[in-house]
Amino acid sequence: MELFASLKEKIKGKFIPIVFPEGTDERIQGAAIRLNQEGLVKPILLGEPTKIKQLAADRNLELGDIQIIDPNNYDRYETMVDEFVQRRHGKNDHDQAEKMLRDPNYFGTMFVYLNWADGMVSGATHPTGDTVRPALQIIKAKPGVSRISGAMIMQRQFDHKRFLFADCAINIDPDAQTLAEIAVESAQTAQLFDIDPKVALLSFSTKGSAKGDVVTKVQEATKLAQAKAPHIPIDGELQFDAAYVPSVAASKAPGSKVAGQANVFIFPELQSGNIGYKIAQRLGNFEAIGPILQGLNKPVSDLSRGCNEEDVYKLALITAAQSLNQ
Ligand SMILES: CC(C)(COP(=O)(O)OP(=O)(O)OC[C@H]1O[C@@H](n2cnc3c(N)ncnc32)[C@H](O)[C@@H]1OP(=O)(O)O)[C@@H](O)C(=O)NCCC(=O)NCCS
Ligand SMILES: CC(=O)OP(=O)(O)O
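The structure contained in this document is the topic of the report that follows. Per chain, residues are indexed from 1 in the order of the written sequence. Just so you know, chain letters begin at A and ligand numbers begin at 1, following the order they were written in. Owing to the predicted nature of the model, reporting of local features is limited to residues with pLDDT of at least 70; listing and counting of side-chain atom pairs is limited to 80 or more, with chain, interface and lining totals taken over all residues. As a convention, hydrogens and water are excluded, and side-chain values are obtained from all of the structure's heavy atoms.

Here's the deal with the pairing of strand β10 (residues 287-294)
Here is step 1 of the chain: Using a 1.4 Å probe on the protein chains alone, a residue whose accessible area is under 20% of its type maximum counts as buried, one over 50% counts as exposed, and one in between counts as partly exposed. Helix and strand definitions here come from DSSP, where helices need a minimum of 4 consecutive H or I residues and strands a minimum of 2 consecutive E residues; each element is numbered from the N-terminal end. Burial runs high along β10: eight of the eight residues are buried.
Here is step 2 of the chain: Being paired, for any two strands, means DSSP has found at least two bridges between them. Pairing geometry for strand β5 (residues 149-155) and β10, over six bridges, is antiparallel. By the bridge assignment for β10, Q155 is matched with E287.

Structure, rendered in structure tokens:
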């Protein structure tokens, strides 16, 4: 079954509450209306209600019974502040918490932490750092995960074949240990999207063809990842052509169980990961879904500011489906 049809089937009729901190944004409003009308998600928009309603009316959008919550006028605000201070274990005091929760991303993240929503989708108007920092600080990583990372599901237009790229969003310069963890987490995320993972740790070098600290890091990460998950086909260091093209793999990495057939691509650091997915999306015409945060205790999803309404709609479906697996 097509990916989103199967996600819709999983969540339909469950009215999973998802909080959208950017309630005034047109793309968010449009997606929330569709999700609500189709009975897929129970959207909660954050922002000043009169402003949200006026903007919707100006755009000819009908919000219907969608819930709107104003962080600046909310009767449970003090409870949220107290819970936040407790969660931060002395890192933020009451006065700081009062101010921080005025930020809709902190407010929305607390909603998820307190189980008042099952997930959050934000980032249409906020850069990634501001969107995800509250989740890193409040929701935190699952047991057994030390670093959260961001995966993109890349879907080819003509045959809907899917690939996973990571880390495209979070860890700026991961060390070998973190890179290994990203590789293993990515293989697990891939399975959620019906990708049978074959994981390539990418580099500008294939099997020692070039030298340097950055190549050594990828070689070490490959060994660590293989030891962590011996049941998953993982190999590196591989150039992209060796990872993906069978004829190149045959000459550059003969005998590899991954080279020539990789579908999960692990980038050595964030510059290449973020640039790589945007090239595939904008030049290669791939549909880019995500970034999907891997390793968090509860689902919080970050949009790219370049997203459209359809991206918001789809990421909300993924976020709601992720909440069923928590
Ligand atoms: C994610 C990011 C914002 C975190 O940076 P930061 O806020 O300066 O990070 P800090 O080191 O101050 O850590 C803040 C908190 O997050 C936690 N944290 C940071 N990175 C983390 C990670 N990858 N996994 C889990 N926790 C993490 C820290 O432990 C810390 O928690 P604490 O406050 O409870 O001690 C930063 O790594 C970043 O900007 N990444 C790139 C984002 C981006 O622009 N991507 C491209 C577009 S998609
Ligand atoms: C994923 C991405 O590109 O996010 P941002 O909105 O921070 O640019």
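Okay, back to it.
Re the site of ligand 1
Here is step 1 of the chain: Taken together, 19 residues are adjacent to ligand 1, and R88, K91, R133, I148 and A169 come closest.
Here is step 2 of the chain: Polar contact is the term for a pair of N or O atoms within 3.5 Å; when the atoms are in protein, one must be able to donate a hydrogen and the other to accept it, and sequence-neighboring residues count only if both atoms are side-chain atoms. Between ligand 1 and R88, the relevant distance is 2.9 Å, taken from an oxygen atom to a side-chain nitrogen or oxygen of the residue.
Here is step 3 of the chain: I148 is positioned such that a nitrogen or oxygen atom in its backbone is 2.8 Å from a nitrogen atom of ligand 1.
Here is step 4 of the chain: Each accessible area is a Shrake-Rupley result for a 1.4 Å probe, and residues are judged covered by the shown protein chains and nothing else. Here ligand 1, which alone exposes 950 Å², has 65% of that area covered by the protein.
Here is step 5 of the chain: Of all elements in the fold, only α7 (128-139) and α12 (270-282) reach the threshold of two or more residues within the shell around ligand 1. A cutoff of 4 Å decides nearness: a residue is near a molecule or strand if any of its heavy atoms lies inside that distance of it.

Re the site of ligand 2
Here is step 1 of the chain: Looking at ligand 2, the residues that line it are P127, T128, N274, Y277, K278, P291, S304 and R305.
Here is step 2 of the chain: Between ligand 2 and K278, the relevant distance is 2.7 Å, taken from an oxygen atom to a side-chain nitrogen or oxygen of the residue.
Here is step 3 of the chain: Considered on its own, ligand 2 offers 260 Å² of accessible surface; in the complex 87% of this is hidden by protein.
Here is step 4 of the chain: Per element, the largest residue contribution to the shell around ligand 2 is three residues, and it comes from α12.
Here is step 5 of the chain: Charged residues are taken to be Asp, Glu, Lys and Arg, nonpolar residues to be Ala, Val, Leu, Ile, Met, Phe, Trp, Tyr, Cys and Pro, and polar residues to be all remaining types, Gly included. Here the residues of the shell around ligand 2 are counted per class, giving three nonpolar, three polar and two charged.

A short note on the packing of aromatic side chains
Here is step 1 of the chain: For Phe, Tyr and Trp, rings pair up if their centres lie within 6.5 Å, where Trp contributes its six-membered ring, and each pair is then called stacked (planes under 30 degrees apart), edge-to-face (over 60) or tilted (otherwise). Here the structure, examined in full by the defined rule, presents 14 aromatic pairs.
Here is step 2 of the chain: On the basis of an interplanar angle of 85 degrees and a centroid distance of 5.7 Å, the ring pair of F165 and F265 is categorised as edge-to-face. In this pair, F165 sits in strand β6 (residues 162-166) while F265 sits in strand β9 (residues 264-266), placing the two residues 100 residues apart along the sequence.
Here is step 3 of the chain: Judged by its relative accessible area of 1%, F265 falls in the buried class.

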